[in-house]
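Structure at a glance
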Number of protein chains: 2
Amino acid sequence: MVHHEHTSNSKCLVALTIAGSDSSGGAGIQADLKTFAAHGCYGTSVLTALTAQNTMGVQGVHGVPPEFVEQQIRSVMDDTEVSAIKTGMLFDTKNTLAVAKTLESIFSSHGHVPLVVDPVCVSTSGHILLETDAIETLINELFPLACIITPNLSEAGVLLSRRGFSSKVEKLGEMVQGAKDLLELGSQAVLLKGGHVTVRLSDLETARAEDPSIAVISDDSFSDDVEILRVSERDPNGVDFVVDVLCQIDGGVTLFPRPRLDSTSTHGTGCTLSAAIACELARGRQLLDAVRYATAYTHLGIETAPPIGKGHGPLNHAHPVLLRPLSIRTAGNPHPLTRLCIQSTAVLWKQYVQHDFVRLLGKGTLPRESFLHFIKQDYLYLKYYARAYAMLAAKSHDFALIKSSSDVLLSIITESSMHASFCKQWGVSDEELRTAPESPATTAYGASLIDTGLRGDTMALTMSLAACLLGYGEVGLWLKREASKPGSWVNWESNPYLRWMEDYSGKEYQDAVRIGIESIESRAAADPPSEVRLEEWKSVWERCVRLEKGFWDMAMTLS
Amino acid sequence: MVHHEHTSNSKCLVALTIAGSDSSGGAGIQADLKTFAAHGCYGTSVLTALTAQNTMGVQGVHGVPPEFVEQQIRSVMDDTEVSAIKTGMLFDTKNTLAVAKTLESIFSSHGHVPLVVDPVCVSTSGHILLETDAIETLINELFPLACIITPNLSEAGVLLSRRGFSSKVEKLGEMVQGAKDLLELGSQAVLLKGGHVTVRLSDLETARAEDPSIAVISDDSFSDDVEILRVSERDPNGVDFVVDVLCQIDGGVTLFPRPRLDSTSTHGTGCTLSAAIACELARGRQLLDAVRYATAYTHLGIETAPPIGKGHGPLNHAHPVLLRPLSIRTAGNPHPLTRLCIQSTAVLWKQYVQHDFVRLLGKGTLPRESFLHFIKQDYLYLKYYARAYAMLAAKSHDFALIKSSSDVLLSIITESSMHASFCKQWGVSDEELRTAPESPATTAYGASLIDTGLRGDTMALTMSLAACLLGYGEVGLWLKREASKPGSWVNWESNPYLRWMEDYSGKEYQDAVRIGIESIESRAAADPPSEVRLEEWKSVWERCVRLEKGFWDMAMTLS
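Since we're looking at a predicted model, the values are computed, not measured. Every chain is numbered independently, its residues counted from 1 as its sequence is written. Both sets of labels track the order of writing: A upward for chains, 1 upward for ligands. Reporting in this predicted model follows two pLDDT cut-offs: at least 70 for local features of residues, and 80 or more for side-chain atom pairs to be given and counted; totals over whole chains, interfaces and linings ignore these cut-offs and use all residues. Values reported for side chains reflect all heavy atoms of the structure, with hydrogen atoms and water molecules removed beforehand.

On to the UniProt feature "domain: Pyridoxamine kinase/Phosphomethylpyrimidine kinase" (unreviewed entry) in chain A, then. UniProt records the feature "domain: Pyridoxamine kinase/Phosphomethylpyrimidine kinase" (unreviewed entry) at residues 22-199 and 242-316 of chain A, using the numbering of this structure. Helix and strand definitions here come from DSSP, where helices need a minimum of 4 consecutive H or I residues and strands a minimum of 2 consecutive E residues; each element is numbered from the N-terminal end. The span residues 242-316 of chain A carries 41% helix and 20% strand; its end-to-end C-alpha distance comes to 19 Å. UniProt positions are given in the numbering used here, feature names are shortened, and annotations may be inferred rather than shown by experiment.

Next comes the structure, spelled out in structure tokens:
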């Protein structure tokens, strides 16, 4: 009966990064692995070099031998189906060649995998990281394998000058031309990152006027033509934009402008962006969409960055991620919500299901008037309980839930007529049953169900109905198990309340309990609660367990 | 007005792993970084060695020089406040010594940081990974710094025999003794992992009978004394348990039994567990709770592991993580939910807010009978709209929302009397207004609000109320902006419908729009929706936008 659609062992997309290590965790394979995780991809990694670095700078570098770079790539790709690859810092000529040759050999035998090349060759301070030979190898050997390369402006300058193009990329127009020229270097597409060029709205308009085929994709609030969402204080003409330029062999030029963020949390931005593009490609997105989502992800990562380190801190890679407040459902723990609810009210729950009323009932020594008071009040309560299931049906918008609620409703009506026949056995007339005055404990519990039904959605109402359904099931099973022990305190066979114990421990009622638990758990798994919502469910549950205990207090005190 | 409590730039706990690299991503610093991410910690890492490996085995190892290990540790810890550290594979004597000495020096000058030492020295195949010297260094130099060490059974055997203790740990009783003996090696606590010892329920009972001070903490369903949650098919006496044994200097012995999982996805289990303990310690948990949560996390990671690789695959590190279906709220994108709703109904939204009715109204050429038909129906609609806000108040359980709903309700009643005075101006009597027959478009929209209110929670109802509030705000601002353009098609000054345009573009109404948007966004940020819930909100919004368009269709066709 237990389904695990939303739980476990589902297939996972695998992404591979080939890059350096950043001990501080903000760039390199560390940034890539965090980005992969934030996109739901399984991360693998090949190290080309290690750095000892932090947000203040690089304190040391340790290269990895090229044959070991090749071995790492083969270890990963021989064993695992990789859906996308990104490369970052490749350190030197030999390692660049090792990466290019190994990938080429694997692609030719096992088929091509989308490859994002971040041509890391100039540090943010402008220092050339790769020697000339390595840059030639990058262009000649690796670019032809890449579906996209993602240079920043300095790298674009170095790459363009190597091939005799103008390396001046200081304005938007020059960036567009630069991206087109970079496409000549062999990749399928170029994303030229405009981090250090300041663009105004008028520059964007000029660029489009000069070449109407240029597309502009903007996710920011300045581009909305929705008046009510405008951030009215800012004049868009006075805003500095950062524009990334995408140029595709078959897709023309697309600009991605975003308002410049005033932030020092930009360490590892390039690593993060190229890793995010790889994830989107692994998911099967078209390149344009991949770039769109990846640039948005990276922008938000800068905007929401936590304060870490004394210098240029890392991005917040985890912004698309929420931590589950409710544990995932598995075969070993198929009832995480029900267990959490019972555990979080452990004392109250025991006071309810092992109430003196229950113990005396099990012994057969429960005073007759307490039982009759209980049965009469329970009869009145069942009216609320049935109405609450009717509300549940009325609130549902699929036939399955409408039907299951109605089935329970009908079984409650049957249960109520059982109460009536019980009462008759014990000498209580229909008339007496129907006219019994309602106890405050009954009103409190019954009205509270209707209140929860009015206030919330079907899940909150279901949680409020569960304390009764599950608790009576627990009472029935507990008494039955206790009765089965040698020399038990429970008097089963000759108990005046035998039928009551049989009803709640019997198959029919226990089936209803199982269906109820399954409904709660499968809905919580399909629609995982936020912390706020889980607290609401727990508080609804807690209120009802308390009211259940109060109900048996009422029976004992005849109040 | 915009609050960002739940958005960005919040402080982040930093964890550090000092270990080897596993190219396949299932063990080593990769497993650690994934575990850190799944606990909401920011991961930093120091590499002691690289491996080329996959789920089938290790294909190559490349050591990192000890001085570079030290440099990496210093780069991280000089710059960042680290809340917990774990060590894994330290490769050789020199690196083990470098790690111990560097940490000792930093701890003595900057204060102690909780340190979890996973004493990796034996491979899963039983091969000794660390030479004797390195093991001595581990014991003598690193254990004294550790708040806990986490050996598996093979490692425990090696460590115990180095100090002359019995290395036989093949039964639960021997494990308990072994853990006590290991505590003599200098750490504050020992977690002896029982992966390869099969324990039965009777063994647990025997252990407790022999030493009643031993505590047993079990999160699994066998230990629940809740009858209704029992997995009834299995006899707990026939179940194989894996038991981890925690022994603390001041805390005695605690056993953590869990049913053995039949899984080959166990690559990196030890790395993952020790990393998870570090995260829990970083959060400030007591060691016992840290071990409890970390063992539960690891167990679920094995149980929910995805199929990756051909051999012993990795755990699912990401099981506590959900991906947000709705983007995080930031200063740059303060309205992610409203924007998503409008963007997801872009065509319909334009048909609504730039309807022919609106265009003709703006020109001043809207037929009088269309406007009057609209006003009369809008008068009838406002009754539903006011009732829906009354429902919202009735469904709310904090005074702020009860008050804000009631404020809107009262302003709707004011708006309806404005409609009446409008009508009087245009020669429509109160009597005619009150007795106007309700159009099907009005009934559809009005009843749909009540239906949504009945079915769902306050948020669903709020979303259904938003299309009207926001759309009329948009119409007002759009007409006003269009009117401000030179040679505009909008006739503002001498428009017979001027007052209508002024009302909806005016400050009072626009303030209400802003408050409405803020309410939606702040509640979605505080209670992030699941995919299912977000789809519900979008579908409620889409229905209302469609009904709004239908409302103006009705006015134009006088239907």
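Back to the write-up after that little detour.
Take unusual backbone geometry next. At A:Leu558, a position not held by glycine, the phi torsion is positive, near 55°. By relative accessible area, A:Leu558 is classed as partly exposed at 43%. Accessible area is worked out with a 1.4 Å probe on protein chains only. A residue is then buried under 20% of its type maximum, exposed over 50%, and partly exposed in between.

The subject of this paragraph is the packing of aromatic side chains. Two rings from Phe, Tyr or Trp (for Trp, the six-membered ring) form a pair when their centres are within 6.5 Å of each other. A pair whose planes differ by under 30 degrees is stacked, one over 60 is edge-to-face, and the rest are tilted. What the rule picks out here adds up to 46 aromatic pairs over all chains. Between A:Trp426 and A:Tyr497, the aromatic rings sit 5.4 Å apart at their centres with planes inclined by 5°, giving stacked as the arrangement. Placement of A:Trp426 in the loop between α14 (399-425) and α15 (430-435) and of A:Tyr497 in the loop between α17 (458-484) and α18 (498-505) is noted, with a sequence separation of 71 residues between them. Judged on exposure class, the residue A:Trp426 and its partner A:Tyr497 are both buried. Ring plane angle 55° and centroid distance 4.7 Å describe the contact between A:Trp500 and A:Tyr504, whose orientation is recorded as tilted. Residue A:Trp500 and its partner A:Tyr504 are both found in helix α18; the two are separated by 4 residues, about one turn of the helix. Both residues of the pair, A:Trp500 and A:Tyr504, count as buried. Here, a charge over a ring means that NZ of Lys or CZ of Arg falls within 6 Å of the ring centre while also lying within 35 degrees of the ring normal. In this structure, A:Arg499 is placed above the aromatic ring of A:Phe422, and the distance from its NZ or CZ to the ring centre is 4.7 Å. Here the guanidinium or amino end of B:Arg285 rests over the ring plane of B:Tyr293, the centre of that ring lying 3.9 Å away.

Time to look at the side chain of A:Gln248. Relative to the helices and strands, A:Gln248 is located in strand β9 (residues 241-248). Among residues more than four places away in sequence, those in contact with A:Gln248 are A:Leu183, A:Gln188, A:Ala189, A:Leu287 and A:Leu288. Note on definitions: a residue-residue contact is assigned when non-hydrogen atoms from the two residues lie within 4.5 Å.

This paragraph deals with the environment of A:Ile277. All names here are of chain A. Position of Ile277 among the secondary structure elements: in helix α8 (residues 269-282). Overall, the relative accessible area of 0% leaves Ile277 in the buried class. Put simply, Ile277 and Glu81 are 196 residues apart on the chain and 18 Å apart in space, counted from C-alpha to C-alpha. What Ile277 contacts, discounting residues up to four positions off in sequence, is Val116, Ile148, Thr150, Leu191, Ala290, Val291 and Ala294.

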